[in-house]
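Architecture and fold: a report
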Amino acid sequence: MNKGNPAVVSTSASDVVAARGVRLAATALGVLFALLAVSGALQLAMNFRSTAAHQAADAAAAEAAEQVATAVAVNNARLDRIAAPLTAEAIATPELRREVGQRLSASMGQGNTIEMYAPDVRELEAANFERFGFTRAAVLAEARDLEGLAPAQLRRGSNEWRLVQARPVVRDDSLVGILYADLALASASEPIEAIAARHGAQLELRQQRGDGDEFVVSTFGERRAGSIAGARVPIRNSQLAMGALYPTYFEVGDALPMFSDRSTLALVLIVAFLALLSGAAFWYRGRAVRISGTSADDGLEVMPADVHSVVAPTKPGDESQRQALAAKAASADVVATATQEGGAPGDVHAQSPSGPRITTDVDRSIFRAYDIRGVMGKTLSVEIARAIGAAIGSEARERGLREIVVGRDGRLSGPALVEGLIDGLRGAGCDVIDIGLVPTPVLYFATYHLNVGSGVMLTGSHNPPDHNGFKIVLGGETLSGEAIQGLYARLAESRITTGAGGLQELDIRRDYIDRIAADVQLERKLRVVVDAGNGAAGEVGPAVLEAIGCDVVSLNCEIDGNFPSHHPDPSDPANLQDLLVSVKQFNADIGIAYDGDGDRLGVVTQQGEIINPDRLLMLFARDVLGRVPGATIIYDVKCTSKLHEVILSHGGAPIMWKTGHSLIKAKMKEDDAELAGEMSGHFFFRERWFGFDDGIYAGARLAEILASSDRPATNIFRDLPNAISTPEIKVPMEEGRTHAFVEQFARRATFPGARLTTIDGIRADWPDGWGLVRSSNTTAVLVMRFEADDAAALRRIQEEFRKQLLTIDARLALPF
């Protein structure tokens, strides 16, 4: 023993025995904790795995059901179109009906059969039941009784299941015949196999019998033993449903009943945690006894423990070294802190002195109502992009999300900014999938196609070349309003997560093109001129139209961030002049223009008419309501009042809402809408698509509608209600002043006899027209639009607005 060192004391044998006993008890408690923790963790893992598998199966069933519903709807629409020109005389005799059936069958393609039957189905049933068959008899009888499209059914063919549909032909309120279609199911069933494989799910296509029971028509995906029935998704306009099968996994509760339910499991884990704490306490106590003296086994001398001491073996004569070590420990910070380099991945630091700091100044003005937008070299830089990426990634991690898809448009600042954005996302602990230079709709599509649900698009949209910005989707929610401002607050407060996210690169463009081509079918070839304005849609847009069967003439489709031809904004008529000339020159059926990132659509006809987007929405609404009666359709405050009338007259539910792609998408979810559109040219299809704004897909749907008729596009649009209207009128103001101006105008303006709408600016509707003033959320301008039944009414309404606008600011340069 070293008697000369007062820091070293002796320990008796009984102390050592007590230490060993305490350590033995701690070890036993530790083993108990390990057993409980491993069993509980295994059960939790199985629960999570089972839940994830069930969710994947449900999602696959919903997507597959929509696939079949789309096939049914497409066939219903085709039956409507081929039945429309039939007259009672054309199908009056069996010979004529047979001839008509043969001709129509040829038009439907190989493997599909169309037959015409007399109104009295019972006569045919009695005479030819063996040939006729039960399914055919049932669907024909239902079509006759309903005097409308019968719910689609399936029948067993020689070596495949066939889709059976029937539609009555009514002339002058009299049933003159029944159209019967017997169609191949391959167009719907083949994609279901891919859907099942992508989700790792098992699916069943089921059909309801007359007694209400269901039988399985076909199964998809890899069959697993022990699967149980899961979600059932009915398929619209049919007697079919898509069923999910849930896989079963080993449950710890099968062997250990204490884990059979989650409340008991929670209790067990609490006990395990207490066992761990008790074990730790006993171990510390044993260690305290151990280090308070000398072990009888090894004779090692140890110093007393101290919160600032460094526990280390000492020898005689080492007093100076011991004192130096103790002083070093005493000067150390007692609280352990994590830095960005060394912290645990995913830790959130709220203004911690040791947490990751964002030192770059970020201008709050770039955080707009429904995205983030700034000017490169002024309010945007690589460092600012990195900071924004860190904020987005931190928000994602806090929401329990990890994977994020990233894309960019063709702007010159894109490559540098996207590098900073990706760095920020990865530094926040997010795994990034970089899909490169793509239109914005391809980014949105990727979030669904890759089952990620989150994405950031770096784009300046239709703004000047030096502008750029960020459109953000997290967990299927397009961020807007308070959520966008929350990102700025997160930066200001340094609430940034840390981690080391991964990075992979994918080219998703072909998947996007193939998905649209599988959905949209043209009945005749159209010649289409496409003007992409040198924007990001220059490659994908024409490729989609070619894939669905169009003859495409490309104009300004080379992607160039300088936009040398004209500004990529189809809402400005000046930017459509090249397209108008080219449509006439090439004798095209229609002309299509995209904006800088491809999420907006402009259209011109061969007669030189620019079709306003709100009138396009009329055409889309009629088409959608033909398949989804009663559907809700949303339009923004800049749209024509005639649109409301069209939607109502076709059995839809119209809703006027605020302008802004993220605001419209949120409203669509809230009201379960099938279609939405804005005067700016954003169109949102949920029927047969995903509900995001997509100018490329909207162009394909327009081509499908036009190709379904032999009439020129000009004549089709001429049938739509019209009025005298202005395009969007943009009046520049100082940055940050527009919102305050509109609020003041809304408080002071008076419009006798008008119905006022103030959800977004102020809109005044009179019986013969309307006017609107609102603040743009993307640039520093006031946005105005006017419409009236005649020129005199238009002048009167503009004058009403002009007088009251100038009372607020007499310096306004109003172009009317």
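Structural notes, computed from the coordinates. Note that this is a predicted model, so its numbers are computed, not measured. One numbering rule holds for all chains: residues counted from 1, following each sequence as written. pLDDT decides what is reported in this predicted model: residues at 70 or higher carry local features, side-chain atom pairs at 80 or more are listed and counted, and totals for whole chains, interfaces and linings draw on all residues regardless. Hydrogens and water molecules were not included; the side-chain quantities draw on all heavy atoms of the structure.

1. A word on the overall build of the protein chain
Note on conventions: DSSP H or I runs of at least 4 residues are helices, E runs of at least 2 residues are strands, and numbering of each starts at the N terminus. Counting secondary structure elements, the protein chain contains 23 helices and 32 strands. The cut-offs for exposure are 20% and 50% of the maximum accessible area for each residue type, with area from a 1.4 Å probe on protein chains only; residues under the lower value are buried, those over the upper are exposed, and the others partly exposed. For the protein chain, the residues scored as buried account for 51% of the 816 residues in total. Residue contacts follow a heavy-atom distance rule, with two residues in contact if any of their heavy atoms lie within 4.5 Å. Within the protein chain, counting contacts between residues at least 6 apart in sequence, those at least 24 apart form 66% of the total. Summed over its atoms, the accessible surface of the protein chain is roughly 35,600 Å², and 53% of this surface lies on carbon and sulfur atoms. Here, Shrake-Rupley sampling with a 1.4 Å probe gives the accessible areas, and only protein chains in the shown set may cover a residue.

2. Quick notes on helix α23 (residues 791–808)
With 18 residues, α23 ought to run about 26 Å at 1.5 Å a step, and its terminal C-alpha atoms sit 26 Å apart, in line with that. The set of residues buried in α23 consists of A793, L794, I797, Q798, F801, Q804, L805 and I808. Down the axis of α23, the buried set is contained in an arc of 135°. They therefore lie on one face. Across from the buried face of α23, at angles greater than 90 degrees, the exposed residues are R795 and T807. Of the surrounding elements, those touching the buried residues of α23 are β27 (724–725), α22 (738–748), β30 (762–766), β31 (769–775) and β32 (781–788). N or O atoms closer than or at 3.5 Å make up a polar contact, with two conditions inside protein: a donor-capable atom paired with an acceptor-capable one, and, for residues adjacent in sequence, both atoms drawn from side chains. Between the side-chain oxygen at the start of α23 and the backbone nitrogen of A792 there is a gap of 3.2 Å, and the oxygen is on D790. A helix is expected to span 1.5 Å for every residue after the first. Arc, as used here, means the arc of the directions from the helix axis to the C-beta atoms.

3. Here we look at the pattern of salt bridges
We count a salt bridge whenever a side-chain nitrogen from Lys or Arg sits within 4 Å of a carboxyl oxygen from Asp or Glu. Counted according to the given criterion, the structure contains 48 salt bridges. Note that R686 and E674 form a salt bridge whose closest N and O atoms lie 3.1 Å from each other. With a gap of 12 residues between them, R686 in the loop between β26 (683–685) and α20 (695–707) and E674 in the loop between α19 (661–671) and β25 (675–677) connect regions that are remote in the sequence. Taking the relative accessible area as the measure of exposure, E674 reaches 13% and is therefore buried.

4. Quick look at the packing of aromatic side chains
Between rings of Phe, Tyr and Trp, where Trp is taken as its six-membered ring, a pair exists when centres lie within 6.5 Å; planes separated by under 30 degrees are stacked, by over 60 edge-to-face, and by other angles tilted. Summed over the entire model, instances satisfying the criterion amount to 22 aromatic pairs. Judged by centre distance (6.1 Å) and plane angle (10°), the rings of F445 and W689 are stacked. Placement of the pair is F445 in helix α12 (residues 440–449) and W689 in the loop between β26 and α20, with a sequence separation of 244 residues. For F445, a relative accessible area of 1% puts it in the buried group. For W689, a relative accessible area of 6% corresponds to the buried category. An aromatic cluster is defined as three or more aromatic residues linked by ring pairs; in this entry it consists of Y444, F445, Y448, Y512, F620, F683, F685, W689, F690, F692 and Y697. Two thresholds decide whether a charge sits over a ring: the Lys NZ or Arg CZ must be within 6 Å of the ring centre and within 35 degrees of the ring normal. It is R763 that lies over the ring of W770; its NZ or CZ is 3.8 Å from the centre. Against the face of W766 rests R796, its NZ or CZ located 5.9 Å from the ring centre.

5. Digging into the nonpolar core
Counting residues in each nonpolar core, the largest one holds 71 residues, and the members touching the most others are Y512 and F717. When residues in this core are grouped by element, the largest group, 9 residues, is from α20. Here F717 is in contact with I590, V603, T605, I611, R615, L616, L619 and L702, once residues within four sequence places are set aside. In terms of nonpolar packing, the next biggest core, distinct from the first, is built from 39 residues, V72, L79, V176 and I192 among them. In this text, buried Ala, Val, Leu, Ile, Met, Phe, Trp, Tyr and Cys residues form a nonpolar core when linked through side-chain atoms within 4.5 Å.

6. Brief notes about the sheet that holds β25
On the basis of which strands lie adjacent, the open sheet formed by 4 strands has the order β24-β23-β25-β26 and mixed pairing. This sheet does not close on itself; its edge strands, each paired only once, are β24 (653–657) and β26. Going across the sheet, the axis of each strand differs from the next one's by a mean of 15°, ignoring polarity. Strand pairing follows a simple DSSP-based rule, namely that at least 2 bridges must link the two strands. Pairing analysis gives 3 bridges linking β25 to β26, with the strands arranged antiparallel. Orientation is described by axes fitted as lines to C-alpha atoms, over the contacting stretch for helices, and by angles from 0 to 180 degrees between their N-to-C directions.

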